[in-house]
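Listed below, chain by chain, are the residues.
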Amino acid sequence: MPPQQPPQRNEIVEWYNSIPPITKALFTLSIATTAISTFGIISPSSLILYWPNIRNKLQLWRLVTCFFFNKISLGYAFNLYFLYRNSLQLENEVFQGQPADYMFFHLFTSGLQLTASSLFGTYVLSDGLLLSIAYLWAQHHRDMPVTFMFGIRFKALYLPWAMIASDFLMSGAIPRASVAGMVASHIYYYLTSIYPSQGGRRYLQTPEFLKRLFPTNSRAFRGGFGRQDQASGSSTSANNNTNMFGRHTWGTGQRLGS
C-alpha cells in the first residue's frame, strides 16, 4: 500500500486561524462590511450611523457597521494592516490571555464614540476604531521608534497625534471621529492604568458576563503564517521599528489610508 501523502498546507488559512479571536473579528468585519458595500450587495447608506433610523426603525446593526465601513483603496489596505498589527499586539501582549478585558476596552471606547457621534454628527466611525487601538498601543509602546510619512521618525507615543495632524492637513477639517476615538481610548487608559497607579480606585472593571463569554486562556496567538505559540511569561513587541505609510482621507470622519 503506497504511503499516504500528508495534506497540503494552506498558509493563508493557517495564518487566519492563528489570529486571536477579537482581532480576527475586527479584521473580518472590516473586510466584510467594506466588500458588501463596495460590490453593491448592501447599500452604503444602510451601514452608516444614522440615528433617526436606529431610534425609529430599530436598525441596530448600524451601531456596529459604522465602525467597519470603508471604501476600498490602497489607503484602506494600509489602514487594515495597521488595524490588524496594532490590535494583534494589544491582544497578545497587553491583554495576553484576557480576551474579556480586551473586549471590554472595545465596548467601552465604542460606547463613548457613539455618544460623541450623536453630538458632532459623524456617520462613519472606522477612524475612531483605528485611533482608539493606535492610542492604546502607543501608550504601551511609548518609546518604540516609529517612522511616519516621508521618513519622519519619532517615539510611538506621538503616533496618534501625527495621524490626526496628517488627516487635518489632507482634509482641511478637524477629523472628529479620530479625535473621539483617541479621547475615548485615553479615558479608558486613564481609568484603568494611570489613576489606579496613583493610588486611586479602579472604577472600570470588566463585567462578569464578558468573563463568562470570553474566558481566560493561556495561549497567545502570534498571528504569523501558520504560527500559534504558547504564551510566554514576558511580552515582546512583534516589531522593534514601525513603518507608517502615507495616508489619505475620504469623507467626514473617515480615515482611509495609513
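Owing to the predicted nature of the structure, the values given are computational and were not obtained by experimental measurement.

Parameters and conventions
Residues numbered from 1 in each chain as written. Predicted model: local features only at pLDDT ≥ 70, side-chain atom pairs only at ≥ 80, totals over all residues. Heavy atoms only, no water. Axes fitted to C-alpha atoms, helices over the stretch in contact; angles between N-to-C directions. Helix = DSSP H or I, 4+ residues; strand = E, 2+ residues; numbered from the N terminus. Parallel < 35°, antiparallel > 145°, perpendicular 65-115°, else oblique. Left-handed = near helix turned anticlockwise from the far one by under 90°. Contact = heavy atoms within 4.5 Å. Nonpolar A, V, L, I, M, F, W, Y, C, P; charged D, E, K, R; others polar. Salt bridge = Lys/Arg side-chain N within 4 Å of Asp/Glu carboxyl O. Buried < 20%, exposed > 50% of the residue type's maximum accessible area, 1.4 Å probe, protein only. 1 Å grid on protein atoms, 1.4 Å probe; cavity = no way out; pocket = protein on both sides within 12 Å on 5 of 7 lines; lining within 4 Å. Points joined across faces, edges and corners; volume = space filled by probe spheres on them. Expected span 1.5 Å × (residues − 1). UniProt positions renumbered as here; feature names shortened; annotations may be inferred. Core = buried A, V, L, I, M, F, W, Y, C linked by side-chain atoms within 4.5 Å.

### Side note on the packing of helix H8 (residues 159-171) against helix H9 (residues 176-197)
Angle between the axes and distance between the axes are the two parameters that describe a pair of packed helices.
Right, so step 1: Put simply, H8 and H9 touch, their axes get as near as 10 Å, and they point 165° apart. In terms of orientation, H8 and H9 fall into the roughly antiparallel class. Classified by chirality, the crossing of H9 by H8 is left-handed. Judged by residue contacts, Pro160, Trp161, Ile164 and Asp167 of H8 engage Ser178, Val179 and Met182 from H9.
Right, so step 2: When the residues that make up the contact of H8 with H9 are grouped by side-chain class, the tally is five nonpolar, one polar and one charged.

### A few points about the pattern of salt bridges
It is possible for side chains bearing opposite charge to pair when their charged atoms get close.
Right, so step 1: Summed over the entire model, instances satisfying the criterion amount to two salt bridges.
Right, so step 2: Between lysine 211 and glutamate 208 there is a salt bridge, and its shortest N-O distance comes to 3.8 Å. Placement of the pair is lysine 211 and glutamate 208 together in helix H10 (residues 208-213), with a separation of three residues, close to one helical turn.

### Focus: the side chain of serine 30
Right, so step 1: For serine 30, the position within the fold is in helix H2 (residues 21-38).
Right, so step 2: In this structure serine 30 comes out as buried when scored by relative accessible area, which is 4%.
Right, so step 3: With sequence-adjacent residues up to four places away left out, serine 30 is seen in contact with Phe68, Asn70, Tyr76, Leu80 and Leu83.

### Regarding empty space enclosed by the protein
Right, so step 1: All told, the structure shown has two cavities of 30 Å³ or more when counted by the stated rule.
Right, so step 2: Contributing to the lining of the largest cavity are 12 residues, with Ser30, Asn70, Leu83, Ser126 and Leu130 lying nearest its centre.
Right, so step 3: Those elements that place two or more of their residues in the lining of the largest cavity are helix H5 (74-94) and helix H7 (126-140).
Right, so step 4: Among the elements that line the lining of the largest cavity, the one with the most residues is H5, at four residues.

### Regarding H7
Right, so step 1: When the terminal C-alpha atoms of H7 are compared, their 22 Å separation across 15 residues agrees well with the 21 Å that a helix rising 1.5 Å per residue should span.
Right, so step 2: Most of H7 is tucked away: 14 of the 15 residues are buried.

### Details of the UniProt feature "transmembrane region" (unreviewed entry) in the protein chain
Right, so step 1: The UniProt feature table records "transmembrane region" (unreviewed entry) at residues 25-51, 63-84 and 104-125.
Right, so step 2: The span residues 25-51 carries 56% helix and 0% strand; its end-to-end C-alpha distance comes to 24 Å.
Right, so step 3: Note that residues 63-84 is 64% helix and 0% strand, and that its end C-alpha atoms are spaced 21 Å apart.

### Considerations on the packing of H2 against helix H6 (residues 99-120)
Right, so step 1: Relative orientation of the contacting elements H2 and H6 amounts to 35°, with a least axis distance of 9 Å. Contacts between H2 and H6 involve Ile22, Thr23 and Leu26 on the former and, on the latter, Pro99, Tyr102, Met103 and His106.

### Re the nonpolar core
Right, so step 1: Counting 43 residues, the largest nonpolar core has Tyr102, Trp137 and Tyr188 as the members making the most contacts within it.
Right, so step 2: Those elements that provide at least two residues to this core are H2, H5, H6, H7, H8 and H9.
Right, so step 3: If you tally residues by element for this core, the top one is H7, at nine residues.
Right, so step 4: What tyrosine 188 contacts, discounting residues up to four positions off in sequence, is Phe95, Asp101, Phe104, Phe105, Phe108, Thr109, Leu136 and Leu204.
Right, so step 5: In terms of nonpolar packing, the next biggest core, distinct from the first, is built from seven residues, Trp15, Phe27, Tyr76 and Leu80 among them.

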